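# Survey of secondary and tertiary structure
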Amino acid sequence: MSQARALIIPVTPFQQNCTLLWSEASKQAVVVDPGGDLAKIERAIADCGVAVKKIWLTHGHVDHAAGAAELKERLGIPIEGPHRADLFLLQNLAESGRGFGIAGARNVTPDRWLDQGDEVSIDDLAFEVLHCPGHSPGSVVLFNAQQRFAMVGDVLFRGSVGRSDIPGGNHQTLIGSIKQKLLPLGDDVAFICGHGRASTFGQERTTNPFLQ
Ligand SMILES: [Zn+2]
Ligand SMILES: [Zn+2]
């Protein structure tokens, strides 16, 4: 089994944690949530010397998904995720991008929708898909069981949780997703989230004020 490596690339005025994720052995990579600032993302790809094979989207918000269509075209690679319930967000990215000042925001249709129990992979790094609605209805979390590591998008943050006061959001649903699907994966699981610093499920289970 190969080691996973990750590089966080903050993009858009929201400083969203676009993440370049790759297999150390093969240098095959995936870009998770390319919200914008594609020149910055492409520079990171070149600096790391990796070959990007896929784009994964955790959910359909503009700071996560608005650059996906253009990056797909530039690199000639498919987009996987999020869950189909975020279609209405992905069809509104161009308009939303204009409102938030995200240059080049484009609507996008993924090549593959994801659902609970699906698997996505890059080289020999396999991630289980957990459908975690509440921040957006189609949010997914990607969990690598071998390396005890998850990409959680805006579902959970260090010391906080995703907003639910936006279209399609629901706070009770969000807390249910976290408590029923994420925390049972184990205290030792580390995660990268859509904004701010990384953490572990154990740290959030014991200290996050929204989960007490
Ligand atoms: Zn979001
Ligand atoms: Zn976000």
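Along each chain, numbering runs from 1 in the same order as the chain's sequence is written. Labels follow written order: the first chain is A, the first ligand is 1, and so on. Totals for whole chains, interfaces and linings use all residues, but because this is a predicted model, local features are given only for residues with pLDDT of at least 70 and pairs of side-chain atoms are given and counted only at 80 or more. Note: side-chain values were computed over all heavy atoms of the structure, leaving out hydrogens and water.

## Considerations on the pairing of strand E2 (residues 16–23)
Each regular strand displays side chains that alternate between the two surfaces of the sheet. Heads up, the condition is: The classification of residues rests on relative accessible area computed with a 1.4 Å probe and restricted to protein chains. Under 20% of the type maximum is buried, over 50% is exposed, and intermediate values are partly exposed. Every helix listed is a DSSP run of H or I at least four residues long, and every strand listed is a run of E at least two residues long, numbered separately from the N terminus. We call two strands paired when DSSP finds no fewer than two bridges between them.
In terms of burial, E2 is largely enclosed, as 8 of its 8 residues are buried. Neither face of E2 is open: one carries Gln16, Cys18, Leu20 and Trp22, the other Asn17, Thr19, Leu21 and Ser23, and all of them are buried. Taken together, the 8 bridges between strand E1 (residues 4–11) and E2 define a ladder with antiparallel strand orientation. Bridge assignment links Pro10 to a residue of E2, and that residue is Asn17. Between E1 and E2, which follow one another and run antiparallel, lie 4 residues, and Thr12 among them has a positive phi close to 70°. In terms of strand pairing, E2 meets strand E3 (residues 28–32) through 4 bridges, oriented antiparallel. Bridged to Trp22 within E3 is Ala29. Count of turn residues in the E2/E3 antiparallel hairpin: 4 residues, of which Lys27 carries a positive phi of about 65°.

## Observations concerning the pattern of salt bridges
Defined as follows: Salt bridges are identified by distance alone: a Lys or Arg side-chain nitrogen within 4 Å of an Asp or Glu carboxyl oxygen.
Counting across every chain of the model gives 9 salt bridges. In this structure, Lys72 and Asp111 form a salt bridge, with 2.8 Å as the shortest nitrogen-oxygen distance. Taken as a pair, Lys72 in helix H3 (residues 68–75) and Asp111 in the loop between helix H5 (93–100) and strand E6 (119–122) lie far apart in primary sequence, 39 residues in all. We classify Asp111 as partly exposed; its relative accessible area is 46%. In this structure, Arg205 engages Asp187 in a salt bridge whose closest nitrogen and oxygen atoms are separated by 2.7 Å. On the criterion of sequence distance, the pair formed by Arg205 in helix H7 (residues 201–207) and Asp187 in the loop between helix H6 (171–182) and strand E12 (190–193) is long-range, its members being 18 residues apart. Judged by its relative accessible area of 37%, Asp187 falls in the partly exposed class. Salt bridges linked by common partners bring Glu42, Glu70 and Arg74 together as one network.

## Structural notes on the coordination of the zinc ion (ligand 2)
The following threshold applies: Water is not among the atoms examined, so metal sites may look incomplete; donors are the N, O and S atoms within 2.8 Å of the metal, or within 3.2 Å for Na, K and Ca. When four donors show all angles between 85 and 135 degrees the site is tetrahedral, when four or six donors have opposite pairs over 155 degrees and all other angles between 65 and 115 it is square planar or octahedral respectively, and in every other case it is irregular.
Note on the zinc ion (ligand 2): its protein donors are Asp63 (OD), His64 (NE2), Asp154 (OD) and His195 (NE2). The metal-donor distances range over 2.0 to 2.4 Å. Taken together, the 4 donor atoms coordinating the zinc ion (ligand 2) and their angles of 88 to 159° define a geometry best described as irregular. Read in sequence order, the donor residues for the zinc ion (ligand 2) give the motif D-H-x89-D-x40-H. Between the zinc ion (ligand 2) and the zinc ion (ligand 1), a spacing of 3.5 Å is present, and a bridge between the two is formed by Asp154. Considered together, Asp63 and His64 belong to a single accessibility category, that of buried residues.

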